[in-house]
Every structure is written in C-alpha cells, then in structure tokens.
Amino acid sequence: MSLDYSKLQNGSDIRGVALPGEEGKAVNLTRTEAIRLTLGFAKWLAEKTGKETKDLKFSVGHDSRLTAGELKSAICDAFGIIGAEVIDCGLASTPAMFMSTIFDEYSCDGAIMITASHLPFTRNGFKYFDKDGGLNKPDITSIIRYAETAELPDEIKSNEVPKASLMTTYANHLKKMIVDQVNSKTCHDKPLTGLKIVVDAGNGAGGFYARDILEPLGADVTGSQFLEPDGSFPNHAPNPEDKKAMASICKAVIDNNADFGLIFDTDVDRSSAVDGAGKEINRNAIVAMAAALIAKEYPGTTVVTDSITSDQLTDYIEKCLGLKHLRFKRGYKNVINKSMELNAAGIDSQLAIETSGHAAYKENYFLDDGAYLATKIVIKAAQLKASGAALNVVLESLEEPIESVEYRFGIKREDFSNYADQVLDGLKNWAEGKEGKEKGASLVEPNYEGVRINFKNHEVNGWCLLRKSLHDPQMPLNIEVTEGSCQIIMDYLMEYLGSLDLKL
C-alpha cells in the first residue's frame, strides 16, 4: 500500500481535516493516520536519542476540539504497539505539553499535543516536542516518511494509560512566578488582590488561567468569558487576531470596568491583551509590550519579529526601550530559530515574537507560550497597580499607523511558488524603476521576506510588504500609512500587479 501524508504537513506541525463539513475538503486525519504518525514520531525520537522505542516515555494532551478523544485514543494505542510508556495529560495547553519534558515529576522524552490552533472546528492536528523544544520542518518530514512505511499489526489493542495532573503542575509553576515577582508586602499569598482581570479563553484550553491562576491569587475575574471548553467554538474564533474575538474581549473589559483583559487562542501558545480603556494590545502593540517587559533586565538585547511589523514598532523598541529590532520572516518557528541562531553567534537575543501573539522568551526555553506572556503582563500590571499606575503607561510612547490593511492575492497558476517569485522580482524592478521612483518608492534593505517598499511623497507616507504565503497559493500584501491612505499605495501597486495572474 502506497501512502502520501505530505499534505498533512503544515510547516513544523501536522494539520488535517478530522471531521466532515467543509465543502471540497475530505477527511484525511483519522485513527489510522494518528497511529502511523505516532509510530513515526517514536522512531524519529529513538534515532535522535539513541534509545529503543520501548524505553522512551511520552505524554499526550489535547485542546477542546471535538475529535481530540478519538485521536488521543489512537495515539495511546500506537504507543502500546511498541511498548513505550505514555501518560495522558487530558485537556492541556501546548506549552504545558512541552513542559512535561522539563518538569522533574514527568521527565518525558517526547510530547504530543493534539490541536489545530485557531483553525475551524473540523480540523485537528499534532504538535510534537522533545526536550529541545518544538520540532522543525525537516523533522516533521522525516516523521511523515516513517509513518508512510510503518508496519501495523493485524490487531491493535486498546492501551489504557495513566492520567497525569500536568495542568496543575503547570499552573503552580506560573503562580509561583507571580508570587515571587510581585512580592506583595500586604498580600503575599494573594498578590493580585485589587486587580480585576477579564479572561477570554475562546472555549479552548485556556480557561485554567482564570480559574487556577488568577482567582486563587486574589484577582477578581468577574466578566471572564468562554472559559468552558467547547470544540464547536460557538462564540467566536479562538484567535487573538480575529476581529470579532478582539471586539468581544474589549467590550467585556469595558462592561466589567476591569483593569485589563487577556485573550488566548485554542491551545494557549498565543495571547494578546486589552488595557483598562478597552484598547487592544495586539499585533504591533503585543510585540512592544513583550519587549518592554524585559527591557530593564536585558538592555540592548535583540528582539526578533516577523516581517509585517511597523516602522513605529522599530522606533519604540530601539529609541524608547534601547533594544535592537531584527525584522525577519513570518512563521513562529522562523523567528524562534533566528533568535536562537543569534545567541549561538554571541549576539544576545532574549525575545522572538510574531505579531500573531506567538511570544518566545529565552528565559522560558524559547517556548512560544501565551500563558507565560500573560503572566509577565499580570506581574507588570500588579506592580504598576501598587504604585497607582495602569498597564497603558507601558505603551504610552508607542506610535501607531493611522491605517493598516492586509490583502491576499490568489495565484492562478499551478506552479504558484515559482510564479510568486517572478511577481516579487518584477515588483522589485518596478520599485527601482521610473514608475516607482516617481511615486516616492524605495526598497527596504536588508529584508528577509518578500519585497518591502517605503513610499514617501506629497500624497502618502507609508510602506507595503508583498510576500509568498507560507503554505497556500496566495500572496499576502500588507500596507500601513502614517499620512494619506492605504488605498493610495494600493492604487500605485495595482499599476504593476493588476496585469498579472493574481486575483483579489
């Protein structure tokens, strides 16, 4: 039997269709795929560690998705085939699953998180970890190759595995951070007394943060919403980048007169915030906040971000915080790996973060952990509250563009990747040619992804970035302006893009 699981690879993750319901999308992630991929992961990890597969210890957990139970059962049964030890962590966050390889009481060799992040409820997938962190794209390719050729027994027996209280351990870990760093003289055991914090878990796995961390430490979490896990996601997409989701948490903060709010994605590896006035701390602002929280401890450190961050963010990081900003590529593993690469070369880099809310601190194993970022925000808010200030003072110096938009061009070619490269080369030539120069265009260099162009003339002051999508036959276009309108830059660009095999 010849198998092809390549379509299940999504960069450094596995993602597939686990339930029917999407037009034109067939189910391709079932019990069989879960078993084979688990055997592939075990083989990959055995080769890396030099251990026999039967001598490895694994953990498995999941978010609130409807197919989590079925896939978890398949994964546990797969470990039974090879005789490996496995613990069932139940409803968990992605960062906590990695920590099962770090916490002494678990000390797992590998971990599997069943999640498809913010994707529709019909999807599911797997994120894999070992003691070095999340796997990279070539690792997933190897796992898929092993999975396609794995030999399965005629009968696969049910494998009952012990349950573990990983999320309790993880919550206690974050609570200790808050107690130690807030260091309240009046309420040591409840250092968040007097703070009102609204949490939006989007019906994913993040409800524990309000229930098991904030409330026990004295915070008032009245008005928190969608804390109960529900894999149909009935209220809004579990995604801090979703406009409806952010509008909902902003309203909840205002309606409940809260000090601030926190919002998580489904598996809690991303988070964003809202200040007491109901203003989003999102995209560029969450990057700025994450950087500000370490500026005093690590002066001059380099903050690595994705490619679509604004010029105003660079000014804030470098001029206000005294740090360095390296604008790199989209993809949370890309920014994490770049930050780790800088450290290996002797350049201090304490933070890698995407505007999507993936924030990875060096002090936290370069793990993109939404609850860890939220915890650092909570600590700062408690410290500010004690001095009579609010969270919004942190970002007072951050200037923002007057308008920001994103378009997505579909590529009407089968060889979409090669065609996208041609489009980018042509745009670079356009910007450097007579047409571009007449419009005040100048290429931004160095630039690590796509083509970034500054525009400055009597009509407009802003920039654009056209790049290839990481996984789809699309070319995202981001435009921001501080003067004029994004439409002016769009009109300039369409003089070139409008004649190509692209569709808005």
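Residues numbered from 1 in each chain as written. Predicted model: local features only at pLDDT ≥ 70, side-chain atom pairs only at ≥ 80, totals over all residues. Heavy atoms only, no water.

K.L.:
Help me understand the nonpolar core, please; the structure alone is not making it clear to me.
P.N.:
Nonpolar side chains tend to gather and get buried jointly when the protein is soluble and globular. Formed by 77 residues in total, the largest nonpolar core has its most connected members in Tyr209 and Ile377. By residue number, the principal contributor to this core is helix α11 (residues 370-386), which donates 10 residues. Contacts of Tyr209, omitting those with residues within four sequence positions, involve Leu174, Ile178, Leu214, Leu262, Phe264, Ala371, Ala374, Thr375 and Val378. One finds Leu37, Ala78, Phe126 and Ala147 within the second-largest nonpolar core, a separate group that totals 36 residues. (Core = buried A, V, L, I, M, F, W, Y, C linked by side-chain atoms within 4.5 Å. Buried < 20%, exposed > 50% of the residue type's maximum accessible area, 1.4 Å probe, protein only. Helix = DSSP H or I, 4+ residues; strand = E, 2+ residues; numbered from the N terminus. Contact = heavy atoms within 4.5 Å.)

K.L.:
So what exactly am I meant to see when it comes to the pattern of salt bridges here?
P.N.:
It is possible for side chains of opposite charge to pair when their charged atoms get near one another. Per the counting criterion, the structure on display carries 30 salt bridges. With a shortest N-O distance of 2.6 Å, Lys127 and Asp269 are connected by a salt bridge. With Lys127 in strand β6 (residues 123-130) and Asp269 in the loop between β9 (260-264) and β10 (271-274), this residue pair connects regions lying 142 residues apart in the sequence. Under the relative-accessibility criterion, Lys127 is labelled buried at 4%. Here Lys376 and Glu363 are joined by a salt bridge, their closest N and O atoms 2.8 Å apart. Residue Lys376 is found in helix α11, and its partner Glu363 is found in the loop between β15 (359-361) and β16 (367-368); the two are separated by 13 residues along the sequence. Among the residues examined, Glu363 registers a relative accessible area of 30% and is labelled partly exposed. (Salt bridge = Lys/Arg side-chain N within 4 Å of Asp/Glu carboxyl O.)

K.L.:
I would appreciate a short explanation of the sheet that holds strand β22 (residues 502-503) in the present structure.
P.N.:
Strand pairing in a sheet relies on backbone hydrogen bonds. The paired strands run either parallel or antiparallel. Pairing in this open sheet of 6 strands is antiparallel, and the strands run β18-β19-β20-β21-β17-β22 from one edge to the other. What marks the edges here is a single partner per strand, and that holds for β18 (441-443) and β22. Taken strand by strand, helix α14 (residues 486-497) contacts β17 (403-411), β19 (451-456), β20 (461-466), β21 (474-483) and β22, and its axis lies near 140 degrees from that of β21. (Pairing = 2+ DSSP bridges. Axes fitted to C-alpha atoms, helices over the stretch in contact; angles between N-to-C directions.)

K.L.:
What am I meant to see in helix α7 (residues 243-255) here?
P.N.:
Since the α-helix advances by 3.6 residues per turn, residues separated by three or four positions end up pointing in the same direction. For α7, with 13 residues, the first-to-last C-alpha span of 18 Å sits near the 18 Å given by 1.5 Å per residue. The secondary structure elements touched by the buried residues of α7 are β8 (197-200), β9, β10 and β11 (280-281). Its side-chain oxygen at 3.2 Å from the backbone nitrogen of Lys244, Asp242 defines the N-terminal cap of α7. A positive phi of about 50 degrees marks Asn257, the residue just after α7. (Expected span 1.5 Å × (residues − 1). Polar contact = N/O pair within 3.5 Å; in protein donor to acceptor, adjacent residues only side chain to side chain.)

K.L.:
Would you take a moment to explain the side chain of Thr305 for this structure?
P.N.:
Inspection of the secondary structure puts Thr305 in strand β12 (residues 302-305). Accessibility expressed as a relative area gives 0% for Thr305, which makes it buried. Looking at Thr305, its side chain comes within polar contact range of the side chain of His325, at 2.8 Å. Leaving out residues up to four positions away in the same chain, Thr305 has contacts with Val287, His325, Leu326, Arg327, Phe328, Lys329, Val335 and Ile353.

K.L.:
In this structure, what is going on with the packing of helix α1 (residues 31-49) against helix α2 (residues 68-82)? I would like to understand it.
P.N.:
Packed helices, taken two at a time, are described by the angle between their axes plus the distance between the axes. With their axes 8 Å apart at the nearest point, α1 and α2 run at an angle of 45 degrees to one another. One element, α1, and the other, α2, form an angle in the oblique class. The handedness of the crossing between α1 and α2 is right-handed. Together, Arg31, Ala34, Ile35, Thr38, Leu39 and Ala42 of α1 and Glu70, Leu71, Ser73, Ala74, Ile75, Asp77, Ala78, Phe79, Ile81 and Ile82 of α2 make up the contact between the two elements. (Parallel < 35°, antiparallel > 145°, perpendicular 65-115°, else oblique. Left-handed = near helix turned anticlockwise from the far one by under 90°.)

K.L.:
Help me understand the environment of Ala371, please; the structure alone is not making it clear to me.
P.N.:
Note that Ala371 resides in helix α11. Classification of Ala371 by relative accessible area gives buried; the value is 0%. Taking the C-alpha atoms as reference points, Ala371 and Ser93, separated by 278 residues in sequence, lie 8.9 Å from one another.

K.L.:
Please explain the sheet that holds β10 as it appears in this structure.
P.N.:
The strand order across the open sheet formed by 4 strands is β8-β9-β10-β11, and the pairing between neighbours is mixed. This sheet does not close on itself; its edge strands, each paired only once, are β8 and β11. Note: β10 against β11, 2 bridges, orientation antiparallel. Across the sheet, the residue bridging to Val274 is Glu280, located in β11.

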